[in-house]
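# Overview (structure and organization)
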Amino acid sequence: MNNMKLNLNVILTVFRAMCPEEYQKTIATNKFSWKTRHKFFSENLDFIINRVRDGKFSHSAFKTDKYKHLVKFVVKVHGNNNPFVSVSNHELMLSVRKQSLVEVISVETVLYK
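First, a word on scope: everything that follows refers to the structure included in this document. No experiment lies behind these values; they were computed from the predicted model shown.

Another point: the nonpolar core. Counting residues in each nonpolar core, the largest one holds 16 residues, and the members touching the most others are F32, F41, F73, V75 and F84. Of all the secondary structure elements, the ones that give two or more residues to this core are strand 1 (10-18), strand 3 (69-77), strand 5 (92-95) and strand 6 (102-112). With four residues, strand 3 is the largest single contributor of residues to this core. Ranked by size, the runner-up nonpolar core spans seven residues in total, among them A17, F47, I48 and V52.

Our next topic: the environment of G79. Within the fold, G79 resides in the loop between strand 3 and strand 4 (84-86). Considering only alpha carbons, one finds G79 and S100, 21 residues apart in sequence, at a separation of 9.9 Å.

Listed as buried for helix 1 (residues 20-29) are E22, Y23 and T26. All buried residues of helix 1 project into a common sector of 100° when viewed along the axis, lining one side. In helix 1, the exposed residues that point more than 90 degrees away from the buried face are Q24 and A28. Directly beyond the C-terminal end of helix 1, a positive phi value near 60° is found at N30.

About the criteria used
Residues numbered from 1 in each chain as written. Predicted model: local features only at pLDDT ≥ 70, side-chain atom pairs only at ≥ 80, totals over all residues. Heavy atoms only, no water. Core = buried A, V, L, I, M, F, W, Y, C linked by side-chain atoms within 4.5 Å. Buried < 20%, exposed > 50% of the residue type's maximum accessible area, 1.4 Å probe, protein only. Helix = DSSP H or I, 4+ residues; strand = E, 2+ residues; numbered from the N terminus. Arc of directions from axis to C-beta.

Everything listed here is a matter of geometry and, on its own, says nothing about what the molecule does.
What follows is the structure, given as structure tokens:
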């Protein structure tokens, strides 16, 4: 999904591993919880389970609860441009500035470590 043009109102399923604090805010509001300017997601569940949650990803060895929760988001993309930017073969980035182009339809806990 490399910055391609999308038809209006496309439904996507993306996954995100998150810490307990972000997870609680997300579940309580059914929205993305923003603490930084960008959120990273993947359409590839195996990537999140086997790479992001492997204990070696992005300093997670030092903060063991960093990726404790695995969440599935079903989102609707509004507009003609995809607000998710492909930053690797498996990662998508969403900027807080483009969050208005993404409507969270559902949030589901997939895995709790």
